[in-house]
Amino acid sequence: MPASTAPRSDLTGWTRSPFTGGGLTYDCFEKGTGPGVVLIPEIPGITPEVLGLAEHLVDSGFTVVVPSPFGEPGRSATPASTLGVVAKLCVSAEFRAFAVNAHRPVTDFLRAVAADLAARTPGKGVGVIGMCFTGGFALAAAIDDTVRASVLSQPAVPFPLGRARKLAPGPVSTAEFDRIAARAAAGEVCALGLRFSEDGSVPRARFETLKRRLGDAFEVIELDSSPGNSGGFGPHAHSVLTNEVREVPGHPALAARDRAVQFLRDRLTPAGTGEQTQPA
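Here goes a summary of the coordinates provided.

What counts and how
- Residues numbered from 1 in each chain as written.
- Predicted model: local features only at pLDDT ≥ 70, side-chain atom pairs only at ≥ 80, totals over all residues.
- Heavy atoms only, no water.
- Helix = DSSP H or I, 4+ residues; strand = E, 2+ residues; numbered from the N terminus.
- Expected span 1.5 Å × (residues − 1).
- Buried < 20%, exposed > 50% of the residue type's maximum accessible area, 1.4 Å probe, protein only.
- Arc of directions from axis to C-beta.
- Salt bridge = Lys/Arg side-chain N within 4 Å of Asp/Glu carboxyl O.
- Disulfide = S-S within 2.5 Å.
- Axes fitted to C-alpha atoms, helices over the stretch in contact; angles between N-to-C directions.
- Parallel < 35°, antiparallel > 145°, perpendicular 65-115°, else oblique.
- Left-handed = near helix turned anticlockwise from the far one by under 90°.
- Contact = heavy atoms within 4.5 Å.
- Pairing = 2+ DSSP bridges.
- Core = buried A, V, L, I, M, F, W, Y, C linked by side-chain atoms within 4.5 Å.

With 15 residues, helix H3 (residues 105-119) should cover 21 Å at 1.5 Å per step; its first-to-last C-alpha distance of 22 Å lies within 8% of that length. Listed in full, the buried residues belonging to H3 are Val106, Thr107, Phe109, Leu110, Val113, Ala114 and Leu117. Take H3 and look down its axis: the buried residues cluster within an arc of 160°, on one side only.

Spelled out as structure tokens, the structure:
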């Protein structure tokens with residue numbers, strides 16, 4: 001019988017250690033071999049579903065680092081834990097959930113994590129995946145040369161309250177976005193954006209802003225979550241790469257996850273080596 005729930009895993013085999021960068025210190029969890037990928041968890045933290053995605057990336061041939069800037073690692077999401085983390089992050093100076101055209105201190109931490117990972121893994125740089133609250137931070141980290149691929153899954157920051165925030169490309173300042181756009185134009189970084197069609201927390205206008213500026217360097221995957229959609233997604237479908245994935249051939253969210261993995265592989269595999277990042 002096909003699985004009816006999203007892939008899940010636990011912290012078995014993950015190495016936990018504190019990491020300091022940009023004036024911030026958080027624990028990071030690491031596992032795997034191959035090119036590096038930084039996976040920034042979604043709210044409320046490193047849940048079993050986030051670890052299910054992390055394990056899939058490890059099995060696909062990547063060295064994966066999962067920072068833990070909020071929540072209790074390994075704990076399942078509950079309404080109480082989710083609301084508690086949201087309340088803290090909304091007033092967090094590190095994340096600045098509502099700011100437009102502003103630098104976020106946590107971006108400096110993520111850049112340091114990416115640079116450290118790039119220095120000790122093979123490949124042409126590293127990839128960064130962000131989801132929900134952290135979705136746009138995958139793009140923000142790309143101001144550095146070490147980041148070659150950014151995956152923005154349902155990027156919800158800045159929270160889309162008002163037209164300016166809906167149009168905002170993400171948690172970046174104008175100068176940072178200019179730098180990312182210049183890197184994209186030079187072929188130094190590409191981004192993949194994923195959202196559900198009816199997800200109001202991730203406005204389509206944000207993706208349109210990114211597409212206008214990044215052009216062909218920004219690939220968009222929009223999954224149909226309208227009434228009667230063929231994937232069976234509910235009206236509140238949100239987490240493209242975790243909660244909505246089903247290990248069923250032809251499932252739209254599974255196909256989106258497969259595309260995200262291939263996107264990372266194409267960008268990070270050393271050129272000319274013929275190397276495959278997925279183990280035989």
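There is more to say after this.
Scanning the model with the defined rule gives 16 salt bridges in all. Among the salt bridges present, the one from Glu188 reaches Arg183, with a minimum N-O distance of 3.3 Å. Of the residues examined, Glu188 reaches a relative accessible area of 28% and is grouped as partly exposed. Ionic pairing is found between Arg259 and Asp266, a salt bridge with its closest N-O pair at 3.9 Å. Shared partners join several salt bridges into a network, and the residues in it are Asp145, Arg179, Arg183 and Glu188.

This next bit is on the state of the cysteines. On inspection of all chains with the given rule, the structure shows zero disulfides. Free cysteine Cys28: the closest other cysteine sulfur is in Cys132, separated by 19 Å. Cys28 gets classed as buried once you look at its relative accessible area, which sits at 7%. Free of any disulfide, Cys90 has its nearest cysteine sulfur in Cys132, 11 Å distant.

Okay, the packing of helix H1 (residues 48-59) against helix H8 (residues 252-268) next. At a closest axis distance of 11 Å, the pairing of H1 and H8 adopts a crossing angle of 45°. Between H1 and H8, the angle is such that the two are oblique. When the axes of H1 and H8 are compared, the crossing they make is right-handed. Residues Leu53, His56 and Leu57 of H1 form the contact with H8, whose own contacting residues are Arg257, Asp258, Val261 and Leu264.

In terms of strand pairing, strand E1 (residues 15-21) meets strand E2 (residues 24-31) through seven bridges, oriented antiparallel. Looking at the pairing, Phe19 lines up with Tyr26 of E2. Between E1 and E2, which pair antiparallel in sequence order, lie two residues; one of them, Gly22, sits at a positive phi of approximately 60°. Bridge analysis of E2 against strand E4 (residues 63-68) gives five bridges, and the strand direction is antiparallel. Looking at the pairing, Asp27 lines up with Ser68 of E4.

On to the sheet that holds strand E6 (residues 147-153). Strand order in the open sheet formed by eight strands is E1-E2-E4-E3-E5-E6-E7-E8, with mixed pairing between adjacent strands. In the strand order of this sheet, the two ends are held by E1 and strand E8 (218-223), each with one partner. Shown here is a sheet whose adjacent strand axes are inclined to one another by a mean of 20°, direction ignored. Examined bridge by bridge, strand E3 (residues 36-39) and E4 share three bridges and lie parallel to one another. From the neighbouring strand, Val38 faces E4, where its bridge partner is Val65. Strand contacts of H8: E3, strand E5 (126-131), E6, strand E7 (190-196) and E8, with the helix running at about 165° to E6, the strand carrying the most contacts.

Time to look at the nonpolar core. Counting residues in hydrophobic clusters, the biggest one holds 84 residues, and the most contacted among them are Leu39, Leu57 and Leu264. Tallying contributions element by element places H8 first for this core, with eight residues. With residues near it in sequence (within four places) discarded, Leu264 still touches Val37, Leu57, Phe62, Gly127, Ile129, Ala149 and Val151.

Burial within E6 is extensive, with seven of its seven residues counted as buried. Pairing geometry for E5 and E6, over six bridges, is parallel. Following the sheet pairing, Gly130 is matched in E6 by Leu152. Summarising the sheet, E6 and E7 pair through five bridges and their orientation is parallel. Of the residues in E7, the one forming a bridge with Val151 is Leu192.

Here we come to unusual backbone geometry. For the peptide bond that leads from Ile43 to Pro44, omega is 10°, which places it in the cis range. The linkage connecting Val157 with the following residue, Pro158, adopts the cis geometry, with an omega of 0°. Its location among the elements puts Pro158 in the loop between E6 and helix H5 (163-167). Look at Asn101: it is not a glycine, yet its phi comes out positive at around 55°. Within the secondary structure, Asn101 sits in the loop between helix H2 (79-90) and H3. Judged by its relative accessible area of 46%, Asn101 falls in the partly exposed class. Of note in the backbone geometry, Cys132 takes a positive phi value of approximately 60° without being a glycine. Mapped onto the elements, Cys132 comes out in the loop between E5 and helix H4 (137-140).

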